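# Summary of structural features
Chain by chain, the residues:
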Amino acid sequence: MKKIFFIILFSCFLCSLFGQSKTENIIIVTLDGFRWQEVFGGADSSLITDTIYVRDTASLKQQFWASTASERREKLLPFFWSAISKQGQLYGNRWKQNKVNNANKYWFSYPGYNEIFTGYPDDSVNSNKKIWNQNENVLEFINKQANYKDKVAVFSTWDVFPYILNNRRSGIFVNADVDTLRFNSPELKLINEMQFLTTKPLGVRPDLLTYFAAREYLKTHKPKVLYIAFDETDDLAHEGLYDQYLSAAHAEDAMITDLWKIVQSMPESRDKTTLLITYDHGRGYAVKEEWKHHGEKVKDAGQIWIAALGPDTPPIGELGTEQLFYQRQLATTIAALIRLKFQPRHPVMEPIYSIFKK
Ligand SMILES: [Zn+2]
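Reading across the sheet, the eight strands line up as E5-E4-E6-E1-E7-E9-E2-E10 and stay open at both edges, with mixed pairing between neighbours. On the outer flanks of this sheet lie strand E5 (173-176) and strand E10 (317-318), each paired with one strand and no other. As judged from the five bridges shared by strand E4 (residues 152-156) and strand E6 (residues 225-230), these two strands associate in the parallel manner. Bridge pairing in E6 places Val152 opposite Val225. Across the sheet, helix H6 (residues 80-87) touches strand E2 (89-91), strand E7 (273-278), strand E9 (306-309) and E10, and the angle it forms with E9 is around 70 degrees.

All right, on to the coordination of the zinc ion then. Distances from the zinc ion to its protein donors, Asp234 (OD), Asp234 (OD), His238 (NE2) and His294 (NE2), fall within 2.1 to 2.7 Å. Coordination at the zinc ion is irregular: its four donor atoms span angles of 52 to 139 degrees at the metal. All donors of the zinc ion come from a single chain, and their spacing in sequence reads D-x3-H-x55-H. One end of the pair is Asp234 and the other is His238, both in helix H13 (residues 232-238) and four residues apart, which spans about a single turn.

In terms of backbone geometry, most residues other than glycine have negative phi values and most peptide bonds are trans. Its identity as a non-glycine residue notwithstanding, Gln97 has a phi of 65 degrees, on the positive side. Locating Gln97 in the fold gives a position in the loop between E2 and strand E3 (98-101). We note that Lys222 has phi near 45 degrees; this positive angle belongs to a residue other than glycine. Position of Lys222 relative to the elements: it lies in the loop between helix H12 (207-221) and E6. A residue is classified by how much of its surface remains accessible, and Lys222, at 27% relative accessible area, is partly exposed.

A few words now on H12. The end-to-end C-alpha distance of H12, which contains 15 residues, comes to 20 Å, matching closely the 21 Å that a straight helix rising 1.5 Å per residue would cover. Buried residues of H12: Asp207, Leu209, Thr210, Tyr211, Ala213, Ala214, Arg215, Glu216, Tyr217 and Leu218, and no others. Where H12 terminates, the next one or two residues include Lys222, which has phi positive at roughly 45 degrees.

Before going further, it helps to spend a moment on the sheet that holds strand E11 (residues 323-326). Strand pairing within a sheet occurs via backbone hydrogen bonds; the two strands may be parallel or antiparallel. As summarised here, the arrangement of the three strands in space is E8-E3-E11, forming an open sheet in which the pairing is mixed. Each edge of the sheet is formed by a strand with only one pairing partner; in this case those strands are strand E8 (303-304) and E11. Pairing analysis gives two bridges linking E3 to E8, with the strands arranged antiparallel. Looking across to E8, one finds that Val100 is bridged to Ile304.

Note on placement: Lys219 falls in helix H12. Between the C-alpha atoms of Lys219 and Ile262, which are 43 residues apart in sequence, the distance is 8.0 Å. Each residue touching Lys219, except ones within four places of it in the same chain, is listed here: Ile262 and Met266.

Tracing the backbone through its elements, the reader meets Thr30 in strand E1 (residues 25-31). The residues touching Thr30, leaving out its near neighbours within four places in the chain, are Tyr113, Ile116, Tyr227, Ile228, Ala229, Phe230, Thr278 and Tyr279.

This part takes up helix H11 (residues 186-197). Between its first and last C-alpha, H11 extends 17 Å over 12 residues, near the 16 Å set by a 1.5 Å rise per residue. Along H11, the residues classified as buried are Leu188, Ile191, Asn192 and Gln195. All buried residues of H11 lie within an arc of 105 degrees about the axis, which places them on one face of the element. Among the exposed residues of H11, those pointing more than 90 degrees away from its buried face are Pro186, Glu193 and Leu197. Of the surrounding secondary structure, the elements contacted by the buried residues of H11 are H12.

In the structure shown here, the tally under the stated rule is 16 salt bridges. For Arg55, the salt bridge identified is with Asp243, shortest N-O distance 3.3 Å. Of this pair, Arg55 sits in the loop between helix H3 (45-48) and helix H4 (57-64) while Asp243 sits in helix H14 (residues 242-265); the two residues are 188 residues apart in sequence, bridging distant segments of the chain. The class for Arg55 is exposed, based on a relative accessible area of 64%. For Asp243, a relative accessible area of 7% corresponds to the buried category. With a shortest N-O distance of 3.6 Å, Glu318 and Lys96 are connected by a salt bridge. In this pair, Glu318 is assigned in strand E10 and Lys96 in the loop between E2 and E3, connecting sequence segments 222 residues apart. On the basis of relative accessible area, Glu318 is assigned to the buried category, the value being 17%. What you see here is one network of salt bridges that share partners, running through Arg215, Glu216, Lys219 and Asp258.

The next subject is the packing of helix H7 (residues 109-118) against helix H15 (residues 329-337). Contact pair H7 / H15: the axes reach a minimum separation of 5 Å and the direction vectors enclose 35 degrees. Considering only the axes of H7 and H15, their crossing is right-handed. In this structure, H7 uses Ile116, Phe117 and Thr118 to contact H15, whose residues at the interface are Leu330, Ala331 and Ile334. For the contact of H7 with H15, the residue count by class is five nonpolar, one polar and no charged.

Counting through the fold element by element, Asn166 comes out in the loop between helix H9 (161-164) and helix H10 (167-170). Setting aside residues no more than four positions away along its own chain, Asn166 makes contact with Trp132, Asn133, Phe161 and Gly171.

Calculation rules
- Residues numbered from 1 in each chain as written.
- Predicted model: local features only at pLDDT ≥ 70, side-chain atom pairs only at ≥ 80, totals over all residues.
- Heavy atoms only, no water.
- Pairing = 2+ DSSP bridges.
- Helix = DSSP H or I, 4+ residues; strand = E, 2+ residues; numbered from the N terminus.
- Contact = heavy atoms within 4.5 Å.
- Axes fitted to C-alpha atoms, helices over the stretch in contact; angles between N-to-C directions.
- Donors = N, O, S within 2.8 Å, 3.2 Å for Na, K, Ca; no water.
- Tetrahedral: all angles 85-135°; square planar, octahedral: opposite > 155°, others 65-115°.
- Buried < 20%, exposed > 50% of the residue type's maximum accessible area, 1.4 Å probe, protein only.
- Expected span 1.5 Å × (residues − 1).
- Arc of directions from axis to C-beta.
- Salt bridge = Lys/Arg side-chain N within 4 Å of Asp/Glu carboxyl O.
- Left-handed = near helix turned anticlockwise from the far one by under 90°.
- Nonpolar A, V, L, I, M, F, W, Y, C, P; charged D, E, K, R; others polar.

Shape descriptors only; they carry no functional weight alone.
So, in structure tokens, the structure goes:
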């Protein structure tokens, strides 16, 4: 009797620490280099009509233009501005003084992804080269927990992710670019054949194939933590193709809609999965032409956004008050969502509590 009393007392103590936390699974999606300006404002009025960046301005306008920012963003990202804006949270609208910054000073991909997953804006991580990351990341930390062992999986379009997440050391499952999909399911076999036969206009497999590989893996293997890293938005922006940049983001929004439908249809994940969507770095904005670029010399490129949706996330929608968060807080937030404390050897920051607490 006494024992039961203490168990109840201890669970109450945990409840008070974490509230009535329901999250057991986490899905993270990143849209490489996709600016907060488009997330919160939809298509950019100065770019959508510019024939330097858009091949067919009339048809692009028809698809994504509207007179108000709220209509434009709904057209561009329907999932963000229906499901997430009503049931989740969106951080980073600087027009409302709500800010999320890179803490690292480089504002390009590897340092950004390192910051998200290790929580540590390490100055020595300053290259996009295939270098094994020395810093422990939160996905490998989760993979070491008994309930999560071999239940963490990553699918990425960019082939540097095995190095960023150091799968050689961390042991987490990372499938990048055209890493062979060694699975018995007919769907995964088909996707594997497609990824070797597809054209690769951006030099890596299309995001659609990354998504489908992740989707089939989710259905068949039921990972508890799944990370999908898309790439096309950044590559298309570098190419100066604003129409394609918007179309890629729109397609990824639709893939996230599809993903969420699957998550909510499986008993293993329904109402116990938190979805986090974010990215590595911003792009230029103050100087029009710099929308194509990022990096430490590009003003505004250290500004990002975060979206969250799940059973523990209070449905505040778009944050409209003055706040400042950092990309590095995501690592501890990911752990805290499943009631873990990520304490690696390097320094980390506190989580973004408002993502999972009332
Ligand atoms: Zn880039």
